[in-house]
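Below are the chains, spelled out letter by letter.
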Amino acid sequence: MTRRRILITIALALWCASLSLAGSAVAVRAAGPAVTTFTLGTVESQMGPARAGHFDAYVPIVDWGVRAHPYRAPLAVELEFRSLDRDAALAAARSGPAAQANLRLLESQLRESVDAGFRRAALAALVGGLAGGFVAGAVAVAFGRRRRWLPVGTGTGFATAAAVVVLAGMTLVGADWNALRQPTFYAHGSELPKLLSFSDQILTADETYTNSYDRAVAGLENLISATERPRPAPAVRTVVVASDLHSNGLVLPVLAQYSEGKPVFFVGDFAELGTKLEEGVVPEVAGLGSPVVAVSGNHDSDTLMRALAHEGVTVLTRARGVVDVDGMAVAGFEDPLQRDGGFGGHVLKLKTGERVSTAAELVAWFDGLERRPQLVLIHQHGLAHVLLDHVGAHGGAPLIILTGHDHRQHVDRRGAVTLVDGGTVGAGGPFAIGEAPAGFALMHLTAANRLQAVDLVQVEPLSGEGSARRLVFDPSR
């Protein structure tokens, strides 16, 4: 066989495989979901290709969903709860041996639902791959190739689809269901804050449920039934972390939905230019939570911070030391670029030498505090990381560092020290409203103020649509 014929054969085989994959994808979508009935009601399960592999459970009745990424393969597993038996959900959510038995039953039924969806999708994929391969072979014959390409194309299509089905099955078998304890919650409008309010029950499942998958299923039951049953006293405290408002008062009503009755820690950059005109946001910021604690950012001014304090906000400075806020020991390091208000002369970036000297001042200030705080507020994330590395290297009691400035949501850990950055609540400023989401964080703390989980929330300010990615931690660390 000449080299040219070999290349043509390879090209035709790839052509057949490509059309078989396309046929499988179309067939899976056309087949629709598998419908199963289980303890809590009726659920539709569907699988198909996706750019990023995910497991998704959506409840249209309350218009919210939970998404996790237990595997890397480009496979989507989607469950949609079409009807719910609230009485069964209530019974399953109770504690005791009966509830554990219900939990085991629900676990098996959910797995059965996923298996049914997989079987339906697998059959559709095989049929679609067979058809795609046949069409590819027929096209090859129509363009002058030998008739044997008709069965060869059909066989190639079936083999390709079968390989994809096997790989998808192996993906599900090897999935890391621990990811269900670090889900992303999503909802529309006012539903997301309600969902996050109820979802703290995922964090407080009975300690006898040692398996993380069991905890996730128990939490799902609780979320389904939570809207109709009395809520017990929360076992965790939730506080709000926000920064970088940049004078965008349009987002404050959205933030208020999440912060009502909760402590709010605002980590700087209330203003854009630090002028007197921007103090209009002060009363609304002061009314966000109970209490509101603040530290200045590089865009803020002395006059603005004094205005916040006048409205009842607890404004932290290095000179103030450690203060008690709602049972938490808190300290704050004011931004070195905080200046008097005005359009001119307000430098917004530290020079190299200033960064080094300010970092040394920060470390010396922390080491010299009369008692160790549980939370520290530092606006500039570069300085916050200096403290994270310093304290993390020396060990000791747990510490949470709250920061902002970089407009990027992230959580970093060094030993018992955790840095939390909620992103920019200002959504890019007032002129970018509707284009960028408002970002902030909800921290869930134990009674001893140990970090149990962080929700990184993003909300589109105009529509209210949002999502929250939950990170769960071991509070004993």
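Above this note sits the structure.
So, here is what we can say about the structure in this document.

Cut-offs used in this document
Residues numbered from 1 in each chain as written. Predicted model: local features only at pLDDT ≥ 70, side-chain atom pairs only at ≥ 80, totals over all residues. Heavy atoms only, no water. Axes fitted to C-alpha atoms, helices over the stretch in contact; angles between N-to-C directions. Helix = DSSP H or I, 4+ residues; strand = E, 2+ residues; numbered from the N terminus. Parallel < 35°, antiparallel > 145°, perpendicular 65-115°, else oblique. Left-handed = near helix turned anticlockwise from the far one by under 90°. Contact = heavy atoms within 4.5 Å. Nonpolar A, V, L, I, M, F, W, Y, C, P; charged D, E, K, R; others polar. Buried < 20%, exposed > 50% of the residue type's maximum accessible area, 1.4 Å probe, protein only. Expected span 1.5 Å × (residues − 1). Core = buried A, V, L, I, M, F, W, Y, C linked by side-chain atoms within 4.5 Å. Pairing = 2+ DSSP bridges. Patch = residues over 30% accessible without salt bridge, like charges linked within 9 Å, V, L, I, M, F, W, Y side chains within 5 Å. Areas by Shrake-Rupley, 256 points an atom, 1.4 Å probe, with all protein chains shown as cover. Salt bridge = Lys/Arg side-chain N within 4 Å of Asp/Glu carboxyl O. Lys, Arg positive; Asp, Glu negative; His and termini not counted. Charge placed at Lys NZ, Arg CZ, Asp CG, Glu CD. Phe/Tyr/Trp six-rings, centres within 6.5 Å; stacked < 30°, edge-to-face > 60°.

## Some thoughts on the packing of helix H1 (residues 3-31) against helix H4 (residues 149-173)
Phase 1 of the analysis: Relative to each other, H1 and H4 sit at 55°, their axes nearing to 8 Å. With respect to H4, the axis of H1 lies oblique. In this structure, the crossing between H1 and H4 has a hand that is right-handed. Here Thr9, Leu12, Ala13, Cys16, Ala17, Ser20, Leu21 and Ser24 of H1 come into contact with H4, specifically with Trp149, Gly153, Thr156, Gly157, Thr160, Ala161 and Val164.
Phase 2 of the analysis: Split into classes, the residues belonging to the contact of H1 with H4 amount to eight nonpolar, seven polar and no charged.

## Considerations on unusual backbone geometry
Phase 1 of the analysis: The omega angle of the peptide bond from serine 290 to proline 291 is -5°, so this bond is cis rather than trans.
Phase 2 of the analysis: Following the sequence through the fold, proline 291 ends up in the loop between helix H8 (282-286) and strand S9 (292-295).
Phase 3 of the analysis: Here serine 247, not a glycine, exhibits a phi torsion of approximately 65°, which is positive.
Phase 4 of the analysis: Secondary-structure assignment places serine 247 in the loop between strand S7 (237-242) and helix H7 (252-259).
Phase 5 of the analysis: Within the chain, aspartate 269 stands out as a residue other than glycine whose phi angle is a positive 60°.
Phase 6 of the analysis: If you trace the backbone, aspartate 269 turns up in the loop between strand S8 (264-267) and H8.
Phase 7 of the analysis: Owing to a relative accessible area of 1%, aspartate 269 belongs among the buried residues under this scheme.

## Considerations on helix H11 (residues 381-394)
Side chains that are three or four residues apart share a direction in an α-helix, a result of its 3.6 residues per turn.
Phase 1 of the analysis: For H11, built from 14 residues, the straight-helix expectation of 20 Å at 1.5 Å per residue is met to within 8% by its first-to-last C-alpha distance of 20 Å.
Phase 2 of the analysis: In the core, the buried residues of H11 are packed alongside helix H10 (352-367), strand S13 (375-380), strand S14 (399-404), strand S15 (409-414) and strand S16 (417-422).
Phase 3 of the analysis: Positive phi shows up at glycine 395, right after H11, with a value of about 70°.

## Overview of the nonpolar core
Phase 1 of the analysis: Residues Tyr258, Phe266, Val285, Leu308, Phe440 and Val457 are the most contacted members of the largest nonpolar core, which totals 59 residues.
Phase 2 of the analysis: Counting residues per element, this core draws most heavily on helix H3 (residues 97-142), at five residues.
Phase 3 of the analysis: Once residues lying within four places of it in the same chain are set aside, the contact partners of valine 457 are Leu192, Leu196, Tyr258, Gln409, Ala438, Gly439, Phe440, Leu442, Ser467 and Ala468.
Phase 4 of the analysis: One finds Val239, Val323, Val330 and Phe473 within the second-largest nonpolar core, a separate group that totals 25 residues.

## A few points about the sheet that holds strand S12 (residues 328-333)
Phase 1 of the analysis: The strand order across the open sheet built from six strands is S11-S12-S13-S14-S16-S15, with neighbouring strands paired in mixed fashion. What marks the edges here is a single partner per strand, and that holds for strand S11 (323-325) and S15. When strand polarity is set aside, the average angle formed by the axes of neighbouring strands in this sheet is 25°.
Phase 2 of the analysis: Bridge analysis of S11 against S12 gives three bridges, and the strand direction is antiparallel. Note on S12: the bridge partner recorded for aspartate 324 is alanine 329.
Phase 3 of the analysis: Contacts between H10 and the sheet are confined to S12, S13 and S14, with S12 contributing the most and set at about 155° to the helix.

## Notes on H1
Phase 1 of the analysis: Here H1 contains 29 residues, and its C-alpha end-to-end distance of 42 Å stays within 8% of the 42 Å for a straight helix at 1.5 Å per residue.
Phase 2 of the analysis: When H1 is considered as a whole, its buried residues turn out to be Leu12, Cys16, Ala17, Ser20, Gly23, Ser24, Ala27 and Val28.
Phase 3 of the analysis: Looking at the residues trailing H1, positive phi occurs at glycine 32, about 75°.

## Things to note about a positive patch on the surface
Phase 1 of the analysis: Taken together, the side chains of Arg4, Arg5, Arg145, Arg146 and Arg148 present a region of like positive charge at the surface.
Phase 2 of the analysis: Tracing the sequence through the fold places arginine 5 in helix H1.
Phase 3 of the analysis: Judged by relative accessible area, arginine 5 falls into the partly exposed class, the value being 41%.

## Quick word on the packing of aromatic side chains
The description of two aromatic rings rests on the distance between their centres and on the angle between their planes.
Phase 1 of the analysis: Enumeration according to the criterion identifies three aromatic pairs in this entry.
Phase 2 of the analysis: Ring geometry for tyrosine 258 and phenylalanine 440: centres 5.0 Å apart, planes at 70°, overall edge-to-face. Of this pair, tyrosine 258 sits in helix H7 while phenylalanine 440 sits in strand S17 (residues 438-445), and the two are 182 residues apart along the sequence.
Phase 3 of the analysis: Of the residues examined, phenylalanine 440 reaches a relative accessible area of 0% and is grouped as buried.

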